[in-house]
Amino acid sequence: MAIIGIDLGTTNSAVAFLKNGKPEIIPNLDGARTTPSVFQLTIGDEIIIGQDAKSSMPGAPDRTITEVKRSMGTDVTVTAGNQEYRPEEVSAQILRYLKKSAEDFLGEAVTEAVVTVPAYFSDSQRKATQKAGELAGLKVERIINEPTAAAIAYGMENLEKDQNILVYDLGGGTFDVSVVEIFEGVVEVKASAGDNHLGGVDFDNALTEWISTNFQKQEGIDLFSIGSQKEINERKARIKLEAENIKKSLSSQKTVAINLPFIAMHNNAPISINTSITREEFEAMIGDMARKTITEVEKALSDSKLSVDEIDEVLLVGGSTRIPLIQQLVEEKFGKKAKKDINPDEAVALGAAIQGGIKSGEIDTSQSIMVIDVCPYTLGTEVVKNIGGQVVPGFFDPIIPRNSSIPISESKVYYTANDNQTRVNVNVFQGDNQYIDQNIFLGEFLLDGIPAAPKGEEAIEVKFSYDINGTLQVEATIVSTGKKASSVIKAQAGVMSDEEVNFAKDRLDKEWNQSELYNEVKSVITRGERMLGETTGLEQEKLFSLLQNIKIALSRNDKAMVKKYEEELTDLLIELV
Ligand code: AMP
């Protein structure tokens, strides 16, 4: 069974598989090679994903969820219609759609995927991505970094040549840069840097603001304050969608017309936007953001201890690298042309499919490609300092330095700070600042039962383990007694607990049996579910997958697919009895 590779992007997603040892993009249910990461709940409470959801967004901004990746790993909820969702649930629906596309294309059940995340995604963002996979019925045992995936796709084609490459990945929502060495078939990441909140959607937002401000200057009307809130939301969505198109056109044209007819009513008369924008004007509004990416490039280079001249190739990945200003800044920095022969929208999914092949054993790492990645940020714990006889908390002590090769385990021993101290709270942080409040809090746990003793006598060993997926385990041990407590970075605010996952699964499952079509196929589903307990192995997997598929088809109210799976399910049930 194929392990598919999925690039779950902020604005677009893609899915790929390995065919005869080579990665290939799988077209989605509409035949397109990428899928907008857009979720919509229709007025009939039907969930739609992808281009249809994106195109109909201006008419239904309150029912549409975009850029959900930016909320992954946080405890915010997103709303469509009157339904509230956790970001994982929305991502799960996108993953389900991609899974379904792959199953349709490959003609077999798909239960496992390698999913990519930005190198700069934190621990909770990675765990949230894995939960989304679980909700979608996909095992996601391997998460890989997006620029690493792109380097793998490039490396696979260029194995015979030893070289240092820099992957500059500017997508819809995030920016990542990685310095990678390809040496004798090993793709080794030397350093990564980036920004989780910098990408094409920020350019769209800046352009949306510009259009409205420019209109106000010319016409004296504030488009974002007239009419009802619903009208303002719809207008904003329409302008933003157009802003993205204008931005893309500005990558190939120097001046672009902005025409938005009947954008609002003013003094009982319709008003329209009819203006234009030059590439220079656009570049001025995104200049600071573009230059920020170069600062990150410099940081990654300096961490990798390689100079600009030692970089043999610069790889541009992510749709936003089509912007001429971006290409110009990168090429100026390196004094050479960047490589454009890889498809910036597809390289990440292709690399993920190769990683899937490595995991399934289809690719032999002793003969072909092997991958070594890094932990892009410093991880450590809070310590107290004795300053002038006073115990002062709030200091950060690094345990795993940034850009260490992974997997990695590092320990440090600390001593009690007070007389008769019987407990210690282990606070875990990510960042490079010496003060914890300038770093990102990842989680905490308590270790108690420390034997009472004078300060400094009892030792506590704190061990950090960062695995190949970029997830962190922390364990603390009282050295004298061996008593341990381990982290539960799992229980971070932004990651769904097991109970929440079960609840969400129930909710996903409930949608399908509310469909009108449900009654028509109820009996075959009931028979299938009963049979599930009586089968094992491949048969069970096949049956489970068909049941999942028919439920998804039901929740999408997709009559043709429901009928198709009903037939397949009936055939299978006949075969099984
Ligand atoms: P990705 O997540 O890598 O698919 O990148 C998608 C982002 O690239 C979106 O913000 C798109 O608007 C942007 N993008 C795609 N094509 C172009 C283009 N020709 N010029 C500028 N931005 C683009």
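Residues numbered from 1 in each chain as written. Predicted model: local features only at pLDDT ≥ 70, side-chain atom pairs only at ≥ 80, totals over all residues. Heavy atoms only, no water.

(A) Representation of the overall build of the protein in the model. Broken down by element type, the protein carries 13 helices and 27 strands. Here the protein has a C-alpha radius of gyration of 26 Å; the compact-globule value for 577 residues is 25 Å, and the two agree. Per-residue burial over the protein gives 55% buried out of 577 residues. Pairs at least 24 apart in sequence give 67% of the contacts found in the protein among residues at least 6 apart. (Helix = DSSP H or I, 4+ residues; strand = E, 2+ residues; numbered from the N terminus. Rg over C-alpha atoms; globule rule 2.2 N^0.38 Å. Buried < 20%, exposed > 50% of the residue type's maximum accessible area, 1.4 Å probe, protein only. Contact = heavy atoms within 4.5 Å.)

(B) View of the packing of helix 4 (residues 146–157) against helix 9 (residues 347–360). Where helix 4 meets helix 9, the closest approach of the two axes is 7 Å, and the angle between their N-to-C directions is 75°. Relative to helix 9, the element helix 4 lies roughly perpendicular. In this structure, helix 4 contributes Glu146, Ala149, Ala150, Ile152, Ala153 and Met156 to the contact, and helix 9 contributes Ala347, Val348, Leu350, Gly351, Ala352, Ile354 and Gln355. Among the residues making up the contact of helix 4 with helix 9, the classes are represented as ten nonpolar, two polar and one charged. (Axes fitted to C-alpha atoms, helices over the stretch in contact; angles between N-to-C directions. Parallel < 35°, antiparallel > 145°, perpendicular 65-115°, else oblique. Nonpolar A, V, L, I, M, F, W, Y, C, P; charged D, E, K, R; others polar.)

(C) Broad picture of the site of the ligand. Neighbouring the ligand are 14 residues, the closest being Glu244, Lys247, Ser251, Gly319 and Ser320. One of the backbone N or O atoms of Gly172 is found 3.2 Å from an oxygen atom in the ligand. Ser251 places a polar side-chain atom, nitrogen or oxygen, 2.6 Å from a nitrogen atom of the ligand. Protein contacts shield 89% of the accessible area of the ligand, which totals 500 Å² for the unbound molecule. The dominant element in the shell around the ligand, judged by the number of residues it contributes, is helix 6 (residues 229–249), at three residues. A breakdown of the residues in the shell around the ligand according to their chemical character gives one nonpolar, nine polar and four charged. Looking at which domains feed residues into the shell around the ligand, each of domain 1 (4–199 + 288–374) and domain 2 (200–284) gives three or more. (Near = heavy atom within 4 Å. Polar contact = N/O pair within 3.5 Å; in protein donor to acceptor, adjacent residues only side chain to side chain. Areas by Shrake-Rupley, 256 points an atom, 1.4 Å probe, with all protein chains shown as cover. Domains from an automatic or database assignment.)

(D) Summary view of the domain arrangement of the protein. Along its sequence, the protein is carved into domain 1 (4–199 + 288–374), domain 2 (200–284), domain 3 (377–487) and domain 4 (511–576). Taken over C-alpha atoms, the centre of domain 2 sits 51 Å from the centre of domain 3.

(E) Main features of unusual backbone geometry. Omega for the bond connecting Ile406 with Pro407 falls within 30 degrees of zero, at 5°, which places this linkage in the cis form. By secondary structure assignment, the location of Pro407 is in the loop between strand 21 (404–406) and strand 22 (408–415). The backbone phi angle of Phe262 is positive, close to 45°, even though this residue is not glycine. Mapped onto the fold, Phe262 is located in strand 15 (residues 255–266). When its relative accessible area of 61% is taken as the criterion, Phe262 is described as exposed.

(F) Broad picture of the pattern of salt bridges. Going through the model one piece at a time under the given rule, you end up with 33 salt bridges. Note that Asp202 and Arg70 form a salt bridge whose closest N and O atoms lie 2.7 Å from each other. In this pair, Asp202 sits in helix 5 (residues 200–219) while Arg70 sits in the loop between strand 7 (64–65) and strand 8 (78–80), placing the two residues 132 residues apart along the sequence. In this structure, Asp202 and Arg70 share a single accessibility class: buried. (Salt bridge = Lys/Arg side-chain N within 4 Å of Asp/Glu carboxyl O.)

(G) How the structure looks around the sheet that holds strand 27 (residues 484–486). In space, the four strands of this open sheet follow the order 22-25-26-27, with antiparallel pairing throughout. Pairing within the sheet leaves two strands with one partner each, and these edge strands are strand 22 and strand 27. When strand polarity is set aside, the average angle formed by the axes of neighbouring strands in this sheet is 20°. (Pairing = 2+ DSSP bridges.)

(H) Structural view of the packing of aromatic side chains. Taken as a whole and assessed by the stated rule, the structure comprises seven aromatic pairs. Through a chain of ring-to-ring contacts, three or more aromatic side chains come together here, namely Tyr120, Tyr377 and Tyr466. In this structure, Lys69 is placed above the aromatic ring of Phe121, and the distance from its NZ or CZ to the ring centre is 5.9 Å. The ring of Phe224 is capped by Lys236, whose NZ or CZ atom sits 5.0 Å from the centre of that ring. (Phe/Tyr/Trp six-rings, centres within 6.5 Å; stacked < 30°, edge-to-face > 60°. Lys NZ or Arg CZ within 6 Å of the ring centre and 35° of its normal.)

(I) Seen up close, the pairing of strand 18 (residues 370–375). Looking at chain direction, strand 14 (residues 186–195) and strand 18 are connected through three bridges and run parallel. The residue bridging Glu188 from the neighbouring strand is Ile372, located in strand 18. Direction of pairing for strand 18 relative to strand 21: antiparallel, over a ladder of three bridges. Residue pairing across strands places Asp373 opposite Ile406, the latter belonging to strand 21.

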